Amino acid sequence: RKRIIATIMLLLIMTIIAVPSFAHLNSQTGILEQTYMSHYDGYYIGAERIGWSIDESMHSYNTITYSINQYVSQTLKNKIITAANKWNSVTTISNVASGTGTVYVGPLLNTVAQVQEQTMDSQGHFTSWKIRISETHKDTITVANIAHEFGHVIGLNDLYYSTNSNKLMYGANSGTATQPTTTDIWGARVILGLHVNHSSTWP
């Protein structure tokens, strides 16, 4: 009888400490600062003053795959691959024959590129997504522009305060970052569950 009880207790303990296979162990909501962002008409984790904002309901698992439409020029393909690799310090964004996401060129108004057609599972992780690059800007789009869109795929929101114009996730064309900054990486690590603690003052 004692052995049976001990076995049951051991199974209960193992169940409690078992690590789930989610991108992050639990929601950041209520752990990190939440801020109302008028551009999104809602509360998001992070803040303009912190330098990053994340979306718990729309983000990737920590391994991201994408394919490039066959009609994209080789020059643009090279930019896309380089842009994805800019996030290597945070996660792997792999170009594969058939990925969760697709990068392609198409008509787009008032912007050079945009993440579109996202579908999510019940935990808010992308099951599919597309980055559309403007037909008008396909020859002039920069690696930084595309890396910014991959930031959205990771789960980062745009930033709008001019104090964040030096961040990759700054949402205006006047941004100066050419790759993810320490702050962009910080936000990405939080949303992907790679942070060392649940603190809005890290690192």
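Rules used in this analysis
Residues numbered from 1 in each chain as written. Predicted model: local features only at pLDDT ≥ 70, side-chain atom pairs only at ≥ 80, totals over all residues. Heavy atoms only, no water. Helix = DSSP H or I, 4+ residues; strand = E, 2+ residues; numbered from the N terminus. Expected span 1.5 Å × (residues − 1). Buried < 20%, exposed > 50% of the residue type's maximum accessible area, 1.4 Å probe, protein only. Arc of directions from axis to C-beta. Contact = heavy atoms within 4.5 Å. Axes fitted to C-alpha atoms, helices over the stretch in contact; angles between N-to-C directions. Parallel < 35°, antiparallel > 145°, perpendicular 65-115°, else oblique. Left-handed = near helix turned anticlockwise from the far one by under 90°. Nonpolar A, V, L, I, M, F, W, Y, C, P; charged D, E, K, R; others polar.

**Q** Hey, could you run me through helix α2 (residues 74-85) in this one?
**A** Residues that lie three or four places apart on an α-helix share one face, since the helix turns once every 3.6 residues. With 12 residues, α2 should cover 16 Å at 1.5 Å per step; its first-to-last C-alpha distance of 17 Å lies within 8% of that length. Of all the residues in α2, the buried ones are Leu76, Lys79, Ile80, Ala83 and Ala84. Down the axis of α2, the buried side of the element spans an arc of 130 degrees, and every buried residue falls inside it. Residues of α2 that are exposed and point more than 90 degrees away from the buried face comprise Gln74 and Thr75. Of the surrounding elements, those touching the buried residues of α2 are β4 (63-68), β5 (92-95), β6 (101-106), β8 (126-134) and α3 (143-154).

**Q** What's the story with the environment of Phe126 in this structure? I'm lost.
**A** With respect to the element layout, Phe126 can be found in strand β8. For Phe126, a relative accessible area of 6% gives the class buried. When the C-alpha atoms of Phe126 and Gly155 are compared, they prove to be 9.4 Å apart, with 29 residues separating the residues in sequence. The residues contacting Phe126, other than those within four sequence positions of it, are Met58, His59, Ser60, Tyr61, Thr100, Gln118, Thr119, Met120, His152 and Val153.

**Q** Where do I start with the packing of α2 against α3 in this structure?
**A** Axis angle and axis distance: for two packed helices, these are the angle between their axes and the distance between the axes, and together they describe the pair. Running from amino to carboxyl end, α2 crosses α3 at an angle of 55 degrees, the nearest separation of the two axes being 8 Å. The pairing of α2 with α3 is recorded here as oblique in orientation. Helix-helix and strand crossings are classified by hand; for α2 and α3 the assignment is right-handed. Here Leu76, Lys79, Ile80, Thr82, Ala83 and Ala84 of α2 come into contact with α3, specifically with Val143, Ile146, Ala147 and Phe150. Within the contact of α2 with α3, the residues separate by chemical class into eight nonpolar, one polar and one charged.

Limitation: the analysis is restricted to geometry and does not speak to function.
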